[in-house]
Amino acid sequence: MAKQNKTNAVRLLEASKIVFETVEYPVDPENLDARHVADSVGEDIRQVFKTLVLRGERNGLFVCVVPGNMEVDLKKAASAFGDKKVEMIAMKELLPMTGYIRGGCSPIGMKKPYPTFFHVTALDYDYIFVSAGVRGMQIKINPSSLISFTGADVADIAK
């Protein structure tokens, strides 16, 4: 596979001297789900985290990073974010709001820093995977390092 250019997420981690690896995988535009990514990189679906962007009715945008085998729980996410009601943003809003496309949304290096929450199970592992900011590349990283780097909180935000 051809070597991909460094993404903004990769550059930011390198600049901060954070230890991580990148793992490339074949992209299937018809199948962008976490199961495909986990199978492609040969890792446990529970360690492949997806990055989702939500909007609270009062507090604006925020990010939830949840294991690939789970879904964000809107009630729990709203509670963690201190809002009464939240919803996923529309797909057409993802690129303009974050700089990322579906299947390549990373919790690292969005256009603006949004409040971010990682699901509590992230801390159960020595490493997890998150998107490197493009389809076809994941970042393998220690969850505590990533949570600290992104200034995120940890909460029970999934079901």
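Just above, that's the structure.
An account of the accompanying structure is given in this report. All values derive from a computational prediction rather than experimental measurement.

Turning next to the overall build of the protein. Counting its secondary structure elements, the protein contains 5 helices and 8 strands. Taken from the N to the C terminus, the helices and strands of the protein come in the order α-β-α-β-β-α-β-α-β-β-β-α-β. Scaling as 2.2 N^0.38, a compact globule of 159 residues should have a C-alpha radius of gyration of about 15 Å, and the protein matches this with 14 Å. Dimensions of the protein, computed from the C-alpha atoms along their principal axes, are close to 45 × 30 × 30 Å. Counting all 159 residues of the protein, 47% fall into the buried class. Across the protein, every contact between residues at least 6 apart in sequence was considered, and the portion connecting residues at least 24 apart equals 60%. Carbon and sulfur atoms make up 50% of the accessible area of the protein, which totals about 8,100 Å².

Looking at the element boundaries, Q138 is found in strand β7 (residues 137–141). For Q138, a relative accessible area of 4% translates into the label buried.

Before going further, it helps to examine the environment of G60. Counting through the fold element by element, G60 comes out in strand β3 (residues 60–67). Sequence separation between G60 and F81 is 21 residues; the distance between their C-alpha atoms is 9.7 Å. Sequence-distant contacts of G60, that is, excluding residues within four places in its chain, are made with L54, R55 and F81.

Another aspect to go through is the pairing of β3. With respect to burial, β3 is a largely interior element, 7 of its 8 residues being buried. Here 8 bridges tie strand β2 (residues 49–56) to β3, and the two strands are oriented antiparallel to one another. Of the residues in β3, the one forming a bridge with R55 is L61. Hairpin connection of β2 to β3: 3 residues between the antiparallel strands. Sheet topology places β3 next to strand β5 (residues 116–119); 3 bridges connect them, and they run parallel. Looking at the pairing, V63 lines up with T116 of β5.

A few words now on the packing of aromatic side chains. Considering all chains together, one arrives at 4 aromatic pairs under this definition. Judged by centre distance (5.8 Å) and plane angle (85°), the ring pair of Y127 and F129 falls under edge-to-face. Among the residues examined, F129 registers a relative accessible area of 1% and is labelled buried. Three or more aromatic residues link up through ring pairs in this structure, and these residues are F62, F81 and F117. When the ring centre of Y127 is taken as origin, the NZ or CZ atom of K140, which lies over that ring, is 4.1 Å away.

With respect to the helices and strands, the residue D83 is situated in the loop between α3 (74–81) and β4 (86–88). Residue D83 is classed as buried on the basis of its relative accessible area, which comes to 7%. Engagement of the side chain of D83 in a polar contact is seen with the backbone nitrogen of E57, the distance being 3.3 Å. If we ignore the near neighbours within four places in the chain, the residues touching D83 are G56, E57, R58, N59 and A78.

Glancing now at the nonpolar core. Generally speaking, nonpolar side chains in soluble globular proteins are found buried as a group. Counting residues in each nonpolar core, the largest one holds 29 residues, and the members touching the most others are V53, F118, I128, V130, I139 and I141. Looking at this core, the elements that each hand over two or more residues are α1 (8–15), β2, β3, β6 (128–131), β7 and α5 (143–150). Look past the residues within four positions of I141 in its chain and what remains in contact with it is L13, I18, V19, F20, D126, Y127, I128 and L146. The next biggest cluster of nonpolar side chains, apart from the first, holds 15 residues, and it includes C64, V66, A78 and F81.

Rules of the game
- Residues numbered from 1 in each chain as written.
- Predicted model: local features only at pLDDT ≥ 70, side-chain atom pairs only at ≥ 80, totals over all residues.
- Heavy atoms only, no water.
- Helix = DSSP H or I, 4+ residues; strand = E, 2+ residues; numbered from the N terminus.
- Rg over C-alpha atoms; globule rule 2.2 N^0.38 Å.
- Buried < 20%, exposed > 50% of the residue type's maximum accessible area, 1.4 Å probe, protein only.
- Contact = heavy atoms within 4.5 Å.
- Areas by Shrake-Rupley, 256 points an atom, 1.4 Å probe, with all protein chains shown as cover.
- Pairing = 2+ DSSP bridges.
- Phe/Tyr/Trp six-rings, centres within 6.5 Å; stacked < 30°, edge-to-face > 60°.
- Lys NZ or Arg CZ within 6 Å of the ring centre and 35° of its normal.
- Polar contact = N/O pair within 3.5 Å; in protein donor to acceptor, adjacent residues only side chain to side chain.
- Core = buried A, V, L, I, M, F, W, Y, C linked by side-chain atoms within 4.5 Å.

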